[in-house]
Amino acid sequence: MKKELSLLLKKFFGYDSFRPLQEEIIQEILNKKDTLVLMPTGGGKSICYQLPAIYLPGTALVVSPLIALMKDQVEGLVANGIPAAALNSMMPEEQQQQIKRLCTQGKIKLLYISPERIVTEADWFLPSLDLSLIAIDEAHCISHWGHDFRPEYTQLAILKERFPRTPIVALTATADKLTRTDIVEQLKLNDPKIFIASFDRPNLSLNVRRGLNKREKISTIARFIMRHAGQSGIIYCMKRVDTTRLVDELDAYGIEAVAYHAGMMPEERERAQDDFINDRVNVVCATVAFGMGIDKSNVRWVIHFSMPGSIENYYQEIGRAGRDGMPSDTLLFYSYSDLIIHRKFAEESGQSEINLEKLDQMRRYCEADICRRRILLSYFGEEAADDCGNCDVCRHPPVRFDGSVLVQKALSAVLRTGERVGIKMLIDILRASGRAEVIERGYDKLKTYGAGRDLPSRVWYEYIYQMIQLGYLEIDYTSGQVLRPTLLGRKVLFGEAKAHLALYRAPGNVVEAEKKEPTRKAATGKARPTTSKATPIRPITGGTVAETLFDALRQLRRQIASREGIPPYLIFSDATLEDMVEQRPTTIEEFREIHGVGQIKLDKYGKVFVGLIRFVLERKK
Ligand code: ADP
Ligand code: ZN
C-alpha cells in the first residue's frame, strides 16, 4: 500500500515523498481511525485527507469555515485532475442541486462544505452519499478557547452520531491543550490518535528591529521591498489608518501596494485580496483581518509594522509566508510605544492576566539575544537542539562591551530631570537636540545636556532599550511612561557594578543588503520605476540565466493563470518553478521529474513550459 500511496502522491500532486507524519496520518485514516492533526501553517495538512480521499472509494466530506478557502482548495484539486466541489449557501440553488447530484452519483472525490450546512444536510443529502472520510479543517474554531471561535462548529458533533463508522480527521495549526481536548470532546472523536508535527518553519528567516521611528521604519520597508522586487508580501499593521497611510508612503517610493482592513467596503476589500492572490499587486498593507482564507503559497515575506500582542498571533501571521517551503523573510518592528498600546488593550480585555502574560512573552522574544527560533519553539513546547542560523541573532551574535559609562550618562540625566522624561526626551537631552520642548523645560541647563552627543540617536535608542531590558531602567506605565532608574541601575551609576551591553551594529543582511538609500518620489520629483509591480510581460534581457528563466516562467504562469481564471500559485508553486530553474528540463520526460508536476499538469503544461525553457536557454547561450 505504501508504494501505491507514493505513486498517487506523484501522480496527482507531483511530489516524490511525504512530509513528516503525513504518511502515518494517512495510514490511520485508511484504518478507519479518528485522528487529530496539529501541523503548522504550510505544514501540509491538506494532503493528509486529500490522498486517502483519492485512494478510497466514495466521497470525502471536508468541513471548512471560509468560502474563499474552499474555493482555493477546490480549484487546486481540479487543476490536479481530482474531481472536487464546494457546497455553500452563497451558490445559486441550481448549482447546488447539480453538485449534489454529482456527489450522489459518486462522481466527486472531495466535497467541501460549510459547517452550517452540515446540520441542514444531515438528514437527507449526507446519508445519500458513500462517505469515505470526514475532514474538519481549522478544527480549533470549535473551541471557545481558540481565537477563531465559530458557533456553527459546535454543531458538528452530529457527524459522529450520524456516521459512527466513518473516520473523522480534525486538523488545525493552532491548538493548545485546552483547545485540543475541546476538539476531541466536541466532535465526539473515538479514541483518536493525536499527531503533532514540529512547529518549526526553518524556511522563514526571523528578524526583529527595534526602536525605529516611523520614518526609519518606512525607509527600511522600502529598501526591503526593493530587494524583494517582484515578490509577494504582506505588511501587518495594528491600526486601519496605518494601512492606508503606508500605502501612500510606499507610493512615494514608487512601490505599489494596496490596503486591506475590516472598515473597507466589502467589494473593495475583495478586490484587494483578489489582486494580491492573482499576483496583480505584490504588496498588501493589512490589519490582521487579512490572512484567514489566504492559502497563497508564494508569499515570500511578511513584515510586522508593529508588534503583535502574542506569540501565537505572530507565528500565525508570519506563517503565511513560505507555505511552499521556499526561503522567505520576516521582519518585525518593535517599539515601546507598541508595547504601551498593547498593554492598554490587554488591561481592558477582561482577561488581562492572561493577555499581559502573553504580551510579556512577545516582548521577551523581541528583546532576545539568543536564537529567536529556539524561543518560539520552546514557547510551543518543542526543544531545539541547535541554534537555527536563520535569525538575526544567529547571524549577528551580540558582542558585549562595558557600557557602564553609557548607563551612567543615561541614568544621571534621568535623575537630574527628577524622573520626568521618557525615552525620546532622554535622548534629546543626551544629544543636546535643542528641540523647543527641551529648552522650554529647562533641560538644556542640566549638566548631562549633550553628554551623549558622540552617539547618533539611533544608537542611543538601542542602548536605552537594552538598559530597560537588562533592568537598569524601567518604564513607569502608571505615570506617563517616564523612565525610572532601578536599584541595579543605581549600582552602576555609583560605580558598584558594571553594565555589559551588546554592541550596536547597523542591521545586517536580510534587512538592509542594499546600501543605497531608496529615493522618494516626492524628494526627486520623478517616480522611479515601480520595482514591486507585478511583473509585466517584457522581453528577455539582462540578469543571470537563472533569474531570466525564473522571470520568464513566472510570466508564463501568470498568463496561463489569467486565462484559466485561477491564481498563479495553483498552476505551479514557486518551489516548482525554482526546481525547473535548477533542473532545466528540456524534454517532457525530464519535466515529469520536476517537484510539483503531476500527470494532469504534465499533460496540460509540459509542452509550453519545456518550450519556454528551451527558448530561454537558447537565447542565453
Ligand atoms: P496547510 O494546510 O498545513 O497550511 P497545505 O496543505 O496547504 O498546508 O500545504 C502547504 C504546501 O506544501 C502546499 O503547497 C502543498 O502542496 C505542499 N506540500 C504538501 N505536502 C507536500 C509533500 N509531501 N511534498 C511537497 N510539498 C508538499
Ligand atoms: Zn536562530
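Small disclaimer: the values here were computed from a predicted structure and weren't measured. (Residues numbered from 1 in each chain as written. Chains lettered and ligands numbered in written order. Predicted model: local features only at pLDDT ≥ 70, side-chain atom pairs only at ≥ 80, totals over all residues. Heavy atoms only, no water.)

Thoughts on helix 28 (residues 599-620)
Working step 1: With 22 residues, helix 28 ought to run about 32 Å at 1.5 Å a step, and its terminal C-alpha atoms sit 30 Å apart, in line with that.
Working step 2: Buried residues in helix 28 make contact with helix 4 (67-79), helix 24 (545-564), helix 25 (568-571), helix 26 (574-583) and helix 27 (588-592). (Helix = DSSP H or I, 4+ residues; strand = E, 2+ residues; numbered from the N terminus. Expected span 1.5 Å × (residues − 1). Contact = heavy atoms within 4.5 Å.)

So, the confidence of the model for the chain
Working step 1: Residues of the chain with pLDDT of at least 70 account for 94%, and the chain-wide mean is 90.
Working step 2: Considering only residues more than four positions removed or in separate chains, one finds that residues 508-516, a stretch of pLDDT under 50, has 24 contacts.
Working step 3: Below a pLDDT of 50 lies the segment residues 522-540, which in the model reaches 42 contacts outside its immediate sequence neighbourhood of four places, other chains included. (pLDDT = per-residue confidence, 0-100.)

So, the site of ligand 1
Working step 1: Taken together, 15 residues sit near ligand 1, with Tyr15, Ser17, Gly42, Lys45 and Ser46 positioned nearest.
Working step 2: At a separation of 3.1 Å, an oxygen atom of ligand 1 approaches a polar side-chain atom of Arg19.
Working step 3: Contact with the protein chains removes 85% of the 560 Å² of surface that ligand 1 exposes when unbound.
Working step 4: Residue contributions to the shell around ligand 1 peak at three residues, all from helix 3 (residues 45-55).
Working step 5: Residue classes in the shell around ligand 1 are distributed as four nonpolar, eight polar and three charged. (Near = heavy atom within 4 Å. Polar contact = N/O pair within 3.5 Å; in protein donor to acceptor, adjacent residues only side chain to side chain. Areas by Shrake-Rupley, 256 points an atom, 1.4 Å probe, with all protein chains shown as cover. Nonpolar A, V, L, I, M, F, W, Y, C, P; charged D, E, K, R; others polar.)

Comments concerning the coordination of the zinc ion (ligand 2)
Working step 1: Those protein atoms acting as donors to the zinc ion (ligand 2) are Cys371 (SG), Cys388 (SG), Cys391 (SG) and Cys394 (SG), and they sit at 2.4 Å.
Working step 2: Each of the four donor atoms around the zinc ion (ligand 2) contributes to a set of angles spanning 102 to 120°, which defines the coordination as tetrahedral.
Working step 3: On the primary sequence, the residues serving as donors to the zinc ion (ligand 2) are separated as C-x16-C-x2-C-x2-C. Taken together, the residues span a long stretch of sequence, with Cys371 in the loop between helix 14 (352-367) and helix 15 (372-379) and Cys394 in helix 16 (residues 392-395) at a distance of 23 residues. (Donors = N, O, S within 2.8 Å, 3.2 Å for Na, K, Ca; no water. Tetrahedral: all angles 85-135°; square planar, octahedral: opposite > 155°, others 65-115°.)

Quick look at the packing of helix 12 (residues 311-318) against helix 14
Working step 1: Relative to each other, helix 12 and helix 14 sit at 55°, their axes nearing to 8 Å. It follows from the interaxial angle that helix 12 and helix 14 lie oblique. In this structure, helix 12 uses Ile311, Glu312 and Tyr314 to contact helix 14, whose residues at the interface are Lys358, Gln361, Met362 and Tyr365.
Working step 2: The class makeup of the residues in the contact of helix 12 with helix 14 is four nonpolar, one polar and two charged. (Axes fitted to C-alpha atoms, helices over the stretch in contact; angles between N-to-C directions. Parallel < 35°, antiparallel > 145°, perpendicular 65-115°, else oblique.)

Let's talk about the packing of helix 14 against helix 15
Helices that pack against each other are described as a pair by the angle of their axes relative to one another and the distance between those axes.
Working step 1: Look at helix 14 against helix 15: their axes get within 9 Å of each other, and the N-to-C directions meet at 155°. Put simply, helix 14 runs roughly antiparallel to helix 15. For the pair helix 14 and helix 15, the contacting residues are Lys358, Gln361, Tyr365 and Cys366 in the first and Arg372, Ile375, Leu376 and Tyr379 in the second.
Working step 2: Its residues placed into classes, the contact of helix 14 with helix 15 shows five nonpolar, one polar and two charged.

Details of the sheet that holds strand 10 (residues 257-260)
Working step 1: Across the sheet, which stays open at both edges, the six strands sit in the order 8-13-12-9-11-10 with parallel pairing between neighbours. Two strands close off the open sheet at either side, each with one partner strand: strand 8 (204-210) and strand 10. Adjacent strand axes in the sheet meet at a mean angle of 15°, parallel and antiparallel pairs treated alike.
Working step 2: Where strand 9 (residues 232-236) and strand 11 (residues 283-286) come together, four bridges link them in parallel fashion. (Pairing = 2+ DSSP bridges.)

Structural notes on the pattern of salt bridges
Working step 1: Per the stated rule, a full pass over the model turns up 41 salt bridges.
Working step 2: The partner of Asp279 in a salt bridge is Lys296, and the shortest N-O contact between them spans 2.4 Å. Residue Asp279 is found in the loop between helix 11 (266-277) and strand 11, and its partner Lys296 is found in the loop between strand 11 and strand 12 (299-304); the two are separated by 17 residues along the sequence. Each member of the pair, Asp279 as well as Lys296, is classed as buried.
Working step 3: In this structure, Arg484 and Glu419 form a salt bridge, with 2.8 Å as the shortest nitrogen-oxygen distance. Residue Arg484 is located in strand 16 (residues 482-485), and its partner Glu419 is located in the loop between helix 17 (404-416) and helix 18 (423-430); the two are separated by 65 residues in the primary sequence.
Working step 4: Residue Arg484 is classed as partly exposed on the basis of its relative accessible area of 24%.
Working step 5: Here the salt bridges share partners, and the residues they tie into one network are Asp279, Lys296, Arg300, Asp324, Arg557 and Asp574. (Salt bridge = Lys/Arg side-chain N within 4 Å of Asp/Glu carboxyl O. Buried < 20%, exposed > 50% of the residue type's maximum accessible area, 1.4 Å probe, protein only.)

Some remarks on the sheet that holds strand 7 (residues 193-196)
Across a sheet, paired strands are connected by hydrogen bonds in the backbone, their directions being either parallel or antiparallel.
Working step 1: Across the sheet, seven strands lie side by side as 3-4-2-5-6-1-7; this open sheet has parallel pairing. The sheet is open, and its two borders are formed by strand 3 (84-87) and strand 7, each paired with just one other strand. With direction set aside, neighbouring strand axes in the sheet form an average angle of 20°.
Working step 2: The pairing of strand 5 (residues 131-136) with strand 6 (residues 168-172) spans three bridges and is classified as parallel. Paired with Ile134 across the bridge in strand 6 is Ile168.
Working step 3: Taken strand by strand, helix 5 (residues 93-104) contacts strand 2 (59-63), strand 3 and strand 4 (110-113), and its axis lies near 135° from that of strand 3.

Regarding unusual backbone geometry
Working step 1: Backbone geometry places Asp279, a non-glycine residue, at a positive phi of 60°.
Working step 2: Asp279 gets classed as buried once you look at its relative accessible area, which sits at 6%.
Working step 3: One non-glycine residue with positive phi stands out, namely Gln481, at about 55°.

Remarks on the pairing of strand 15 (residues 473-476)
Working step 1: In terms of strand pairing, strand 15 meets strand 16 through four bridges, oriented antiparallel. Note that in strand 16 the partner of Ile475 across the bridge is Leu483.
Working step 2: Counted along the chain from strand 15 to the antiparallel partner strand 16, the turn is five residues long, and its residue Gly480 has a positive phi close to 65°.

Some thoughts on the nonpolar core
Working step 1: Core analysis: the largest hydrophobic core is formed by 131 residues, its most contacted members being Ile136, Leu159, Tyr365, Ile464, Met467 and Phe609.
Working step 2: A total of eight residues in this core trace back to one element, the largest contributor, which is helix 28.
Working step 3: Ignoring anything within four residues of it in the chain, the contact list for Leu159 reads Leu61, Val63, Ile118, Leu126, Ile134, Ile136 and Ile168.
Working step 4: Leu8, Ala53, Val62 and Ala84 belong to the second-largest nonpolar core, a separate cluster that totals 35 residues. (Core = buried A, V, L, I, M, F, W, Y, C linked by side-chain atoms within 4.5 Å.)

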